[in-house]
Amino acid sequence: MSKMQEEKKIQRIGVLTSGGDAPGMNAALRAVVRAGLYHKLQVFGIKRGYEGLLDGEISEMNAHSVSNIINRGGTVLLTARSKEFQSEEGIKRGKAMADIFKLDALVVIGGDGSFRGARDLHRIGVPVIGIPATIDNDIGCTDYTIGYDTAMNTVKEAIDRIKDTASSHERCSVVEVMGRNAGYIALNCGIAGGAEACIIPEKKFDINEDIIKPILSCRNAGKHHYIIIVAEGVGGSVEIAEKIKEATGITTNTTILGHQQRGGSPTVRDRVVASLMGAEAVSLLARGITGRIVAMKGENVVDLDIEEALGMTKSIDEGLIETSKILSLY
Ligand code: ADP
């Protein structure tokens, strides 16, 4: 290896979790630390995402620092949304702090917003790798994001419970689920929870056609309880419930599941995907490869150029929407 290459060799890496927390972030962190040690790198944990980077809340981690966290939701590194980091000045200060701690590269575990920050750092000379973690599964470049499966299982359990009481009281329940501007959680949990209707931001809806009529035809066929899933990106779940009651006379209540969807012990899928992605991120760095987002294509872990990855979009599966409608007929 030439002297030039030797000088560029990555030896000290920083890792942070950023933006909305997601179950499995800890598993990804654990994988980054353990794989880093395996590759003989020094790994530094940065607290509170970019906020901690700007504040220099950075300390070295060892194998023990990540003991007993693979099973825990949230993130032991803590997370935050930094306003300052979104300015040119903030990004420059981030690089200055990475230089002070002699970090050769950063691993950013987070969502789209966090990746934009990572891309900006990369552009000014801080090598980065991104690992997608958000319950919303709304990152264009990857089929799967860490936290999605756990969140969907939480929603599924909540729907099952709501259904028990809705059926005993012969009621209609409107359940609002997370997903930001995407309907992935709503659509999948609508199918898994046997909902009568599922309203997602990707599809325009008509309250009479898509909600009232299905409820009435179910009632006329002898059904006594109804679950309507509304994605957070559509919103207005309380108003939707009021309209259902007005039009059908059926007692209708609304449950906004909220932040419980972000917590909880990660599922096997989230732990395994997070472990594979964390290990791959470090393997790339150990080979001197940076400016990449680790992603899932089907069941495979791949990596993509960060600039290209941020320009990618994905669409909702039309077949799934159709199937969901067919299966809710009664
Ligand atoms: P997520 O990563 O879950 O999408 P946010 O959108 O809240 O979460 O962003 C998380 C972090 O990324 C914030 O600390 C913010 O400073 C940074 N960030 C978000 N958007 C941008 C952007 N357009 N440019 C630079 N940094 C950004």
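This is a predicted model, so every value here is computed, not measured. (Residues numbered from 1 in each chain as written. Predicted model: local features only at pLDDT ≥ 70, side-chain atom pairs only at ≥ 80, totals over all residues. Heavy atoms only, no water.)

1. So, the domain arrangement of the protein
Then, in step 1: Looking at the assigned domains, one finds that the protein contains domain 1 (4–147 + 266–310) and domain 2 (149–262).
Then, in step 2: Tallying the contact residues gives 13 residues for domain 1 and 12 residues for domain 2.
Then, in step 3: Of the roughly 1,100 Å² buried where domain 1 meets domain 2, counting both sides, 49% is carbon and sulfur surface.
Then, in step 4: Put simply, domain 1 and domain 2 have 3 salt bridges between them. (Domains from an automatic or database assignment. Contact = heavy atoms within 4.5 Å. Buried area = accessible area lost by both parts, 1.4 Å probe. Salt bridge = Lys/Arg side-chain N within 4 Å of Asp/Glu carboxyl O.)

2. Some words on unusual backbone geometry
Then, in step 1: Phi angles above zero are rare outside glycine, and Glu170 is one such case at about 55°.
Then, in step 2: Within the secondary structure layout, Glu170 lies in the loop between α6 (148–169) and β6 (172–177).
Then, in step 3: Judged by its relative accessible area of 45%, Glu170 is partly exposed.
Then, in step 4: Residue Arg180 is not a glycine yet carries a positive backbone phi of 50°. (Helix = DSSP H or I, 4+ residues; strand = E, 2+ residues; numbered from the N terminus. Buried < 20%, exposed > 50% of the residue type's maximum accessible area, 1.4 Å probe, protein only.)

3. Things to note about the site of the ligand
Then, in step 1: Not every one of the 17 residues close to the ligand is listed here, only the nearest: Arg81, Ser82, Gly111, Gly113 and Ser114.
Then, in step 2: Between Arg81 and the ligand, the recorded distance is 2.5 Å, taken from a side-chain N or O atom to an oxygen atom.
Then, in step 3: Contact between the ligand and Arg180: an oxygen atom at 3.2 Å from a side-chain N or O atom of the residue.
Then, in step 4: Computed on the free molecule, the ligand has an accessible area of 550 Å², of which 85% lies beneath the protein chains in the complex.
Then, in step 5: Per element, the largest residue contribution to the shell around the ligand is 6 residues, and it comes from helix α5 (residues 112–123).
Then, in step 6: For the shell around the ligand, a count of residues per class yields 3 nonpolar, 9 polar and 5 charged. (Near = heavy atom within 4 Å. Polar contact = N/O pair within 3.5 Å; in protein donor to acceptor, adjacent residues only side chain to side chain. Areas by Shrake-Rupley, 256 points an atom, 1.4 Å probe, with all protein chains shown as cover. Nonpolar A, V, L, I, M, F, W, Y, C, P; charged D, E, K, R; others polar.)

4. Topic: the sheet that holds strand β4 (residues 105–110)
Then, in step 1: With respect to topology, 7 strands assemble into an open sheet ordered β3-β2-β1-β4-β5-β10-β11, the strand pairing being mixed. Since the sheet does not close on itself, it has two edges, and those belong to β3 (58–61) and β11 (300–305), each with one partner. Between one strand and the next, the sheet's axes are offset by a mean angle of 30°, whatever the strand orientation.
Then, in step 2: Where β4 meets strand β5 (residues 128–132), 5 bridges bridge the pair, whose relative direction is parallel. Paired with Ile109 across the two strands is Ile131, which belongs to β5.
Then, in step 3: Sheet contacts for helix α10 (residues 268–286): β1 (12–17), β4, β5, β10 (292–297) and β11; angle to β10, the most-contacted strand, approximately 140°. (Pairing = 2+ DSSP bridges. Axes fitted to C-alpha atoms, helices over the stretch in contact; angles between N-to-C directions.)

5. As for the pairing of strand β2 (residues 42–46)
Then, in step 1: By the criterion of burial, β2 is predominantly enclosed, with 4 of the 5 residues buried.
Then, in step 2: As defined by bridge partners, β1 adjoins β2 across 5 bridges and the pair is classed as parallel. Bridging from a neighbouring strand, Gly14 pairs with Phe44 of β2.
Then, in step 3: Read as a crossover between parallel neighbours, the route from β1 over helix α2 (residues 25–38) to β2 is right-handed.
Then, in step 4: Across 4 bridges, the pairing between β2 and β3 is antiparallel. (Right-handed = clockwise from strand over helix to strand, strands pointing away.)

6. Description of the packing of aromatic side chains
Then, in step 1: Under the criterion given, the structure shown has 2 aromatic pairs.
Then, in step 2: Lys314 extends its terminal NZ or CZ atom over the ring of Tyr184, reaching a point 5.3 Å from the ring centre. (Phe/Tyr/Trp six-rings, centres within 6.5 Å; stacked < 30°, edge-to-face > 60°. Lys NZ or Arg CZ within 6 Å of the ring centre and 35° of its normal.)

7. Overview of the confidence of the model for the protein
Then, in step 1: Mean pLDDT for the protein: 96, with 98% of residues reaching 70 or above.
Then, in step 2: A low-confidence stretch, residues 1–7 stays under pLDDT 50, and its non-local contacts, those more than four residues away or across chains, total 1 contact. (pLDDT = per-residue confidence, 0-100.)

8. Overview of the sheet that holds strand β9 (residues 252–256)
Then, in step 1: One open sheet accounts for 4 strands, arranged β7-β8-β6-β9; its pairing is parallel. Whereas interior strands pair on both sides, the edge strands pair on one side only; in this sheet they are β7 (197–199) and β9. Within this sheet the neighbouring strands show an average axis-to-axis angle of 20°, counted without direction.
Then, in step 2: In terms of strand pairing, β6 meets strand β8 (residues 226–231) through 6 bridges, oriented parallel. Bridged to Glu176 within β8 is Val230.

9. Comments concerning the environment of Glu322
Then, in step 1: Counting through the fold element by element, Glu322 comes out in helix α12 (residues 318–328).
Then, in step 2: Owing to a relative accessible area of 44%, Glu322 belongs among the partly exposed residues under this scheme.
Then, in step 3: Taking the C-alpha atoms as reference points, Glu322 and Leu121, separated by 201 residues in sequence, lie 42 Å from one another.

10. Observations regarding α10
Then, in step 1: For α10, with 19 residues, the first-to-last C-alpha span of 27 Å sits near the 27 Å given by 1.5 Å per residue.
Then, in step 2: Along α10, the positions that sit buried rather than exposed are Asp270, Val273, Ala274, Met277, Gly278, Ala281, Val282, Ser283, Leu284 and Leu285.
Then, in step 3: One or two steps after α10, the chain reaches Gly288, where phi turns positive at roughly 80°. (Expected span 1.5 Å × (residues − 1).)

11. Things to note about the pairing of β8
Then, in step 1: Counted residue by residue, β8 has 6 buried out of 6 residues, so it is predominantly covered.
Then, in step 2: Along β8, one buried face is formed by Tyr226, Ile228 and Val230 and the opposite face, lined by Ile227, Ile229 and Ala231, is buried too.
Then, in step 3: Pairing between β7 and β8: 3 bridges, direction parallel. From the neighbouring strand, Ile199 faces β8, where its bridge partner is Val230.

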